[in-house]
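Geometric and topological summary
Spelled out, the chains give:
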Amino acid sequence: MTRRFGDPDVAEEAAAEAFATAVERWPADGLPPNPGGWLTTPPIARPSTG
């Protein structure tokens, strides 16, 4: 993710946000087909469920 964002701090923040969202959504929605891809996809490109 650092390579994608170009800044380790931004990458860390994005990863933390992705994991927090996963912890919130996955128990209700189930695992996505590609969890690793879901975690590394920027939130703007991720489908919303609510």
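In this report, we go over the structure that sits alongside the text. Source: prediction; values computed, not measured.

About the criteria used
Residues numbered from 1 in each chain as written. Predicted model: local features only at pLDDT ≥ 70, side-chain atom pairs only at ≥ 80, totals over all residues. Heavy atoms only, no water. Helix = DSSP H or I, 4+ residues; strand = E, 2+ residues; numbered from the N terminus. Buried < 20%, exposed > 50% of the residue type's maximum accessible area, 1.4 Å probe, protein only. Contact = heavy atoms within 4.5 Å. Areas by Shrake-Rupley, 256 points an atom, 1.4 Å probe, with all protein chains shown as cover. Salt bridge = Lys/Arg side-chain N within 4 Å of Asp/Glu carboxyl O. Core = buried A, V, L, I, M, F, W, Y, C linked by side-chain atoms within 4.5 Å. Phe/Tyr/Trp six-rings, centres within 6.5 Å; stacked < 30°, edge-to-face > 60°.

Concerning the overall build of the protein
Helix and strand counts for the protein come out as three helices and zero strands. Overall, the protein shows an N-to-C arrangement of helices and strands of α-α-α. Here the protein holds 50 residues, and 22% of them are scored as buried. Taking as baseline every contact in the protein between residues at least 6 positions apart, the subset at least 24 positions apart corresponds to 25%. For the protein, the accessible area works out to roughly 3,800 Å², and carbon and sulfur atoms hold 58% of it.

Section: the pattern of salt bridges
Scanning all chains against the criterion turns up one salt bridge. Residue R25 pairs with D29 through a salt bridge whose shortest N-O separation is 3.7 Å. Remark: D29 and R25 occur in helix 2 (residues 8–29); sequence separation between them is four residues, near one turn of the helix.

Some points on the nonpolar core
With five residues, the main nonpolar core is built from A18, A22, W26, W38 and L39. For this core, the secondary-structure elements that each account for two or more residues are helix 2 and helix 3 (35–40). It is helix 2 that contributes the most residues to this core, three residues altogether.

Observations regarding the environment of W26
Relative to the helices and strands, W26 is located in helix 2. Classification of W26 by relative accessible area gives buried; the value is 19%.

Structural notes on the packing of aromatic side chains
Taken as a whole and assessed by the stated rule, the structure comprises one aromatic pair. Measuring from ring centre to ring centre gives 5.3 Å for W26 and W38, while their planes differ by 65°; the resulting arrangement is edge-to-face. Of this pair, W26 sits in helix 2 while W38 sits in helix 3, and the two are 12 residues apart along the sequence. For the pair W26 and W38, one class covers both residues: buried.

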